[in-house]
Amino acid sequence: GEGEGGGEGEGEVRGAAAALLRAGVRHVLVTRGAKGLLWARAARRSSGLDAEVCFEELPALAATVKSTRGAGDSFVAGAAWGLLRAPTLDLADTDTVRAALRAGLRAAQLTVQSDAAISVEVSADRLEPALAGAA
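Notes on the structure in this doc start here. (Residues numbered from 1 in each chain as written. Predicted model: local features only at pLDDT ≥ 70, side-chain atom pairs only at ≥ 80, totals over all residues. Heavy atoms only, no water.)

**Examining the pattern of salt bridges**
Here is step 1: On inspection of all chains with the given rule, the structure shows ten salt bridges.
Here is step 2: A salt bridge links Arg126 to Glu121, with the nearest nitrogen and oxygen atoms 2.3 Å apart.
Here is step 3: Accessibility expressed as a relative area gives 38% for Glu121, which makes it partly exposed.
Here is step 4: Three or more residues joined by partner-sharing salt bridges are found here, namely Glu10, Arg14, Arg32, Lys35 and Glu57. (Salt bridge = Lys/Arg side-chain N within 4 Å of Asp/Glu carboxyl O. Buried < 20%, exposed > 50% of the residue type's maximum accessible area, 1.4 Å probe, protein only.)

What follows is the structure, encoded as structure tokens:
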């Protein structure tokens, strides 16, 4: 979701993400608009039920926002594209997942700078640098 909450709301979001991880979900992604992305993942399973939770915040890319319509869809499409471009689809490889998430953030950035729900600027040429860590 695109909640802009902080403080108590942020704690609730992190608590919900941790509960999902304890239930067996491997990655939880929370889009937060201009605040970027919160990525939660199980860092280590010490027993069958307990997981050490790792939270990582990926900042939104600077943008002159025209419309947020389609930003979430563009993020998902860009992240999926990034995963499919990876040499191996290994969701345990945090570098691979992080690169794909950067591609998703880049796709969302391009979309919010456009009046269209899906910007024509979202293309492989524009997303490829994000996989390498550049915007």
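**What about the side chain of Ser67?**
Here is step 1: Examined against the element boundaries, Ser67 turns out to sit in the loop between β3 (51-58) and α2 (71-85).
Here is step 2: The class for Ser67 is buried, based on a relative accessible area of 18%.
Here is step 3: Polar contacts involving the side chain of Ser67 include one to the main-chain amide nitrogen of Arg69, which spans 3.1 Å. (Helix = DSSP H or I, 4+ residues; strand = E, 2+ residues; numbered from the N terminus. Polar contact = N/O pair within 3.5 Å; in protein donor to acceptor, adjacent residues only side chain to side chain.)

**Some details on helix α4 (residues 124-131)**
Here is step 1: All of the buried residues in α4 are Leu127, Ala130 and Leu131. Looking straight down α4, one finds that the buried residues subtend no more than 100° of arc, so they occupy a single side.
Here is step 2: Buried residues along α4 sit in contact with α2 and α3 (94-112).
Here is step 3: Following α4 by one or two positions, Gly133 adopts a phi angle in the positive range, close to 100°. (Arc of directions from axis to C-beta. Contact = heavy atoms within 4.5 Å.)

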